[in-house]
Amino acid sequence: MTVVVPAHNEATVIGRLLSGLLRDAEPGEMDVVVVANGCTDGTADVARGFPGVRVLETPVPSKREALRLGAAAAGVFPILYVDADVELGTTDARAMCATLRGDGVLATAPERALPLADRPWPVRSYYAVWSRLPEVRAGLFGRGVIAVGEEGQARLDALPSVMADDLAASLAFQPHERAVTGTARVVVHPPRTLGDLIRRRVRAVTGVAELDGSPGGRTARTGVRDLAGMARSPRLVPHLAVFLAVTLLARTRARRAVRRGDFTTWLRDDSSR
């Protein structure tokens, strides 16, 4: 398999990812390509410290460009695209490759684990709802990992350059063409502050608006029925209140960027790194 890791100033976390990814790998099993894009820290040097890892550097701070360069450098399918700030093990990568060998499966991603024990209660409340949403559970977005075979890569190559790249990638495949690999798990680190959570959600709302406006654009949306179903559980009602408050605030703030047509400002969450 080829593993492509786009990395922009990820020196503090990329070693964590690579350690877990390569820990049980057989010699030659993984061709890991780290694309350090627009880095001003030691991301490339940390990655080079892992035997067998190839490092490409570009001065352009663009995840889309990094993904393109990584795909061009890939020598074998399947390709796993992995964000530098998540945690993924060798067996998880293998399990996704096995899923891609299934009939008609063009893309897959792992189950997500969200370590929330030390996060403040508003962050925990938000994710108590978000993680239960049908689109979130079924889609390949919000996991920091997507794996594709050759046909799946052709779909990704045809996508427009958008901020919500993982959502666009998920929606490039029909439900029967994509699968969540239940035997694989990725650790996705949530924001540590409410402010950083809101920044993430503003970025997500802005990205969805851009995707809506792109040719043939379609998005995965949460319906009132989804939330109403959760409201039947008394223990989820307080969490729903927090979820709705964060969502409304994020939409309000995102409107400014959407009106300006600003779909390039990346509201980075450094608290989770």
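Looking at an unreviewed UniProt entry, the chain carries the name 4,4'-diaponeurosporenoate glycosyltransferase, with the source organism given as Microbispora triticiradicis. Recorded in UniProt under Pathway (unreviewed entry), the annotation for the chain is "Carotenoid biosynthesis; staphyloxanthin biosynthesis; staphyloxanthin from farnesyl diphosphate: step 4/5." Check the Function (unreviewed entry) section of the UniProt entry for the chain; it says "Catalyzes the glycosylation of 4,4'-diaponeurosporenoate, i.e. the esterification of glucose at the C1'' position with the carboxyl group of 4,4'-diaponeurosporenic acid, to form glycosyl-4,4'-diaponeurosporenoate. This is a step in the biosynthesis of staphyloxanthin, an orange pigment present in most staphylococci strains."

A. Structural detail: the overall build of the chain. Across its full length, the chain holds eleven helices and eight strands. Relative to a compact globule of 273 residues, whose C-alpha radius of gyration would be 19 Å, the chain shows 18 Å and is just as compact. For the chain, the C-alpha atoms occupy an extent of roughly 50 × 45 × 40 Å along the three principal directions. Looking at the chain alone, contacts between residues at least 24 apart form 77% of all its contacts between residues at least 6 apart. Entry remark: accessible area of the chain is about 12,900 Å², with carbon and sulfur atoms responsible for 54%. A distance of 9 Å separates the average location of the 36 positive side-chain charges in the chain from that of its 30 negative side-chain charges.

B. Here's a closer look at the pattern of salt bridges. Tallied over the full model, the rule gives 15 salt bridges. The residue Arg48 makes a salt bridge to Glu57 at a minimum N-O spacing of 2.5 Å. Across the salt bridge formed by Lys63 and Asp83, the nearest N and O atoms sit 3.1 Å from each other. Taken together, the positions of Lys63 in helix H3 (residues 63-73) and Asp83 in the loop between strand E4 (79-82) and strand E5 (87-88) put the pair 20 residues apart, joining distant regions of the chain. Residue class for Lys63 comes out partly exposed when judged on its relative accessible area of 26%. Looking at Asp83, the relative accessible area reads 22%, which means it is partly exposed.

Calculation rules
- Residues numbered from 1 in each chain as written.
- Predicted model: local features only at pLDDT ≥ 70, side-chain atom pairs only at ≥ 80, totals over all residues.
- Heavy atoms only, no water.
- UniProt positions renumbered as here; feature names shortened; annotations may be inferred.
- Helix = DSSP H or I, 4+ residues; strand = E, 2+ residues; numbered from the N terminus.
- Rg over C-alpha atoms; globule rule 2.2 N^0.38 Å.
- Contact = heavy atoms within 4.5 Å.
- Areas by Shrake-Rupley, 256 points an atom, 1.4 Å probe, with all protein chains shown as cover.
- Lys, Arg positive; Asp, Glu negative; His and termini not counted.
- Charge placed at Lys NZ, Arg CZ, Asp CG, Glu CD.
- Salt bridge = Lys/Arg side-chain N within 4 Å of Asp/Glu carboxyl O.
- Buried < 20%, exposed > 50% of the residue type's maximum accessible area, 1.4 Å probe, protein only.

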